[in-house]
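Chain by chain, the residues:
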Amino acid sequence: MTIRTAFAALALLLASAGAEAQSLHLNEIYCRDPYIVVDQKNECYYLVRSSSSDVFDIEGNAIGGVEIYTSRDLEMWEGPHKVLSVPADNWITGTVWAPEMHYYKGRYYIFATLNTTLTWKDANDGRSPYRFRGTQIFKSKSPFGPFEAFDKVPCTPMDQMCLDGTLWVEDGQPYMVYCHEWVEVYDGEMVVVKLKKDLSGPDGNPLRLFCASAAPWASKTEGKVDFITDAPFLYKTRTGKLLMIWSSFSDSGYTVGIAESVTGKVTGPWKQQEKPLYSKDGGHAMIFRSLDGRLMLSLHSPNGGGLERAHFIEIEDMGDTLRVK
């Protein structure tokens, strides 16, 4: 299929779905936690983001969703196209954070962090009560959906506040790496759990990999005692070293750091690299290779104020680490 044919097919798909596709520059699209899928066959990109809530449950609470934009050049984007609406009978139906889309064994999977206002435990020290929050997996034959849930509950533990699940496949075994929320544990944790081969759920007990305070560049949140973990994403370098980029706060704002597995395995142990990859108030990053072969970092910046936008920054694989070019 040619590029023109692929985009013509997409336009028909959007029209049939009743979507009002727009042509927008990247700077015009509000986006936190931008995730990029590269479609080599059709020579295009998909930008995955949380969708605005236009569906409500019987109590009037917003039901979250996911949408995508598509582009040929990473600058001009067509969309949005809604690909996932959280089922109304799902255990968690609230807002969606940080959706990722992965292609695995002939299907597409969305890893989405779902939120609710339901309290499952009161904090002991007068802090905000703990809310149900977790990563759930949805599947589809197409990146344009519709995506369906395996089950009505998250893959992360229901008695913990968890978020930002990502997929990693090692020696044919799928894993999910995710964050145990700093809101609950103060020093945010990075965790891995083995998944069933069809990604339908966990297949074992979670293993803590490291805490946020282990990074020499990480700082406590302003006026608090907490260290934050966000946004794990794994990458194997040209020399076979397994790295994890992840986000927290440093003295310069939202920051992307690098951890490396001592054994080359996802189960670690992991050690933190001294210098962060990006420290200019931008984060929740992932890595992709552009259609012309460049290694790219996708992140949002700035980190707040309703001004968040996706940025794509060329990086270099140094074998032992990564650096911005």
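The sections below set out a description of the structure shown in this document. Here the residue numbers are simple positions, counted from 1 along each chain's written sequence. Only residues with pLDDT of 70 or above have their local features reported here, since the model is predicted, and side-chain atom pairs are shown and tallied only from 80 upward, although totals for entire chains, interfaces and linings are computed over all residues. Where side-chain values are given, they derive from all heavy atoms of the structure, hydrogens and water being excluded.

### Quick notes on a nonpolar patch on the surface
Patch membership requires over 30% relative accessible area and the absence of a salt bridge. Like charges are linked within 9 Å, and nonpolar side chains (Val, Leu, Ile, Met, Phe, Trp, Tyr) within 5 Å. All accessible-area figures derive from a Shrake-Rupley calculation using a 1.4 Å probe, and residue coverage is judged against the displayed protein chains alone. What counts as a salt bridge is simple: a side-chain nitrogen of Lys or Arg found within 4 Å of a carboxyl oxygen of Asp or Glu. Taken together, the side chains of Trp91, Leu118 and Val153 present a nonpolar region at the surface, about 270 Å² in accessible area. With respect to the helices, strands and loops of the structure, Leu118 is situated in strand E9 (residues 107-121). Relative accessible area decides the class of each residue, using a 1.4 Å probe on protein chains only: under 20% of the type maximum gives buried, over 50% gives exposed, and in between gives partly exposed. The class of Leu118 is partly exposed, set by a relative accessible area of 41%. The helix count covers DSSP runs of H or I at least four residues long, the strand count covers runs of E at least two residues long, and both are numbered beginning at the N terminus.

### Focus on the packing of aromatic side chains
Here a pair means two rings of Phe, Tyr or Trp (six-membered ring of Trp) with centres within 6.5 Å. Their orientation is stacked below 30 degrees between planes, edge-to-face above 60, and tilted elsewhere. As enumerated under the stated definition, the model contains twelve aromatic pairs in all. Note on Trp91 and Phe132: the rings are 5.7 Å apart at their centroids and 75° apart in plane angle, and the pair reads as edge-to-face. Of this pair, Trp91 sits in the loop between strand E7 (76-85) and strand E8 (96-104) while Phe132 sits in strand E10 (residues 130-140), and the two are 41 residues apart along the sequence. Here Trp91 falls in the partly exposed class, since its relative accessible area comes to 44%. Grouped by ring-pair contacts, the aromatic residues Tyr45, Trp77, Phe288 and Phe312 constitute a single cluster.

### Some thoughts on the pairing of E7
Side chains on a regular strand alternate between the two faces of the sheet. Bridge count for strand E1 (residues 22-25) against E7 is four bridges, and the pairing is antiparallel. For His25, the partnering residue across the bridge sits in E7 and is Met76. At least two bridges found by DSSP between two strands are what make those strands a pair. Where strand E6 (residues 65-71) and E7 come together, five bridges link them in antiparallel fashion. Within the sheet, the bridge partner assigned to Val66 lies in E7 and is Leu84. What sits between the antiparallel neighbours E6 and E7 is a turn of four residues, in which Leu74 has the positive phi angle 70°.

### Re the nonpolar core
If you look at the biggest cluster of nonpolar residues, it comprises 53 residues, and the most contacted ones within it are Trp77, Ile110, Ile245, Ile287, Leu297, Phe312 and Leu322. A per-element tally of this core places strand E3 (residues 44-50) first, with five residues. Whether two residues are in contact is decided by their heavy atoms: any pair within 4.5 Å suffices. Beyond its immediate stretch of four places on either side in the chain, Ile287 contacts Phe233, Tyr235, Ile245, Leu295, Met296, Leu297, Ile315 and Leu322. In this structure, Tyr175, Val177, Trp217 and Phe227 belong to the second largest nonpolar core, which totals 21 residues. Among buried residues, the Ala, Val, Leu, Ile, Met, Phe, Trp, Tyr and Cys ones that are joined through side-chain atoms within 4.5 Å form a nonpolar core.

### Notes on the sheet that holds strand E11 (residues 148-149)
A sheet is described by the order of its strands in space; here four strands give the open sequence E8-E9-E10-E11, paired in antiparallel fashion. In this open sheet, the two edge strands, each paired with only one partner strand, are E8 and E11. Judged from the seven bridges that link them, E8 and E9 form a sheet pairing that is antiparallel. Directly across from Tyr104, in E9, lies its bridge partner Arg107.

### Let's talk about the sheet that holds strand E14 (residues 189-194)
Taken together, four strands build an open sheet; the order of strands is E12-E13-E14-E15 and the sheet is antiparallel. Each edge of the open sheet is held by one strand with a lone partner, namely strand E12 (162-170) and strand E15 (207-211). With strand direction ignored, the average angle separating the axes of adjacent strands in the sheet is 25°. Sheet topology places E14 next to E15; four bridges connect them, and they run antiparallel. By the bridge assignment for E15, Val191 is matched with Arg208. Only the contacting stretch of a helix is used when fitting its axis, a line to C-alpha atoms as for every element, and angles between N-to-C directions run 0 to 180 degrees.

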